[in-house]
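Breakdown of the fold
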Amino acid sequence: MKIDIVTTRNGVRETVAYDYRPRQEGERPMILDVLLQAQATALPDLAFRYGCRARNCGVCTVDVNGRPRIACRARVRAGDRIEPMATLPVLADLVVRRDGIARQLQGRTTPDHRDPDVNAEAPEAYHDLTACIECYACLDGCPMHARNFGDDAADAAAPDAATGYRWGNPFSLLKLQRLRLDPCVSEDGRQAALDAAIDLGLDACVGCKGCKCGVGIDLKGGVVGELLAAAGDRVPGDGASAS
């Protein structure tokens, strides 16, 4: 099975044709199977990430034919093209820099507004949002995140990830909406979370066709729609169009 793997060495991208050898008749390999075999045979210095191998951590996410896929759970077919995620700066081969996403929430998660002694059950919507595995597949096609890179993370001069990206993304909005649903967070804390969502660029969601989650969370309705409804006229445009 012939697969194209895109490598990046010293800033130079190259497409390497790899011929995957099935381990058994009729095998339908996962992306990670291909990468591991390529590293063990033809490309010993191929760089990529993986962790749990059970779709619990999301760090193995790569692009296949231009769309993000979780490598340990997505199958490949002959002729597929495996690349690093196009939405984040490439460090080497299939490894992208992920820390700028998490860092942008520093100081925005309102720990001072949390009372761990509150004895209340979180709503089901809160638990739905805890299914996020931080694969960052939701960054694909996000106009808010694209503001950080001039629409192209791969080619534009990368902003300083060490300080966190200026503009948000569906993942950061999910984290903030989860705070708003957390019964241990005070009303001031919920308001601070909404303020942070607006500051991160919630207006970019108005009129957007919606984001897609790698594990099936309803980002459009359960996150973006709820935040836009709470923001009301603080966000320019018709918030209802994205909910």
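Residues numbered from 1 in each chain as written. Predicted model: local features only at pLDDT ≥ 70, side-chain atom pairs only at ≥ 80, totals over all residues. Heavy atoms only, no water.

Side note on the overall build of the protein
- Looking only at helices and strands, the protein has 7 helices and 7 strands in total.
- Secondary structure elements of the protein, listed N to C terminal, follow the sequence β-β-α-β-β-β-β-β-α-α-α-α-α-α.
- Principal-axis analysis of the C-alpha atoms gives the protein an extent of 55 × 40 × 30 Å.
- The buried share of the protein, taken over its 243 residues, is 44%.
- Partitioning the contacts of the protein with sequence separation of at least 6, the portion at a separation of at least 24 is 65%.
- Carbon together with sulfur atoms contributes 46% to the accessible area of the protein, which is approximately 12,100 Å² in total.
- Taken together, the 30 basic and 34 acidic charged side chains of the protein have centroids lying 5 Å from each other. (Helix = DSSP H or I, 4+ residues; strand = E, 2+ residues; numbered from the N terminus. Buried < 20%, exposed > 50% of the residue type's maximum accessible area, 1.4 Å probe, protein only. Contact = heavy atoms within 4.5 Å. Areas by Shrake-Rupley, 256 points an atom, 1.4 Å probe, with all protein chains shown as cover. Lys, Arg positive; Asp, Glu negative; His and termini not counted. Charge placed at Lys NZ, Arg CZ, Asp CG, Glu CD.)

Side note on the pattern of salt bridges
- Under the counting rule described, the total for this entry stands at 15 salt bridges.
- A salt bridge links Asp19 to Lys2, with the nearest nitrogen and oxygen atoms 3.6 Å apart. Remark: Lys2 occurs in strand S1 (residues 2-9) and Asp19 occurs in strand S2 (residues 12-19); sequence separation between them is 17 residues.
- On the basis of relative accessible area, Asp19 is assigned to the partly exposed category, the value being 40%.
- Judged by its relative accessible area of 59%, Lys2 is exposed.
- A salt bridge links Asp45 to Arg9; the shortest N-O distance between them is 3.2 Å. Placement of the pair is Asp45 in the loop between helix H1 (31-40) and strand S3 (61-64) and Arg9 in strand S1, with a sequence separation of 36 residues. (Salt bridge = Lys/Arg side-chain N within 4 Å of Asp/Glu carboxyl O.)

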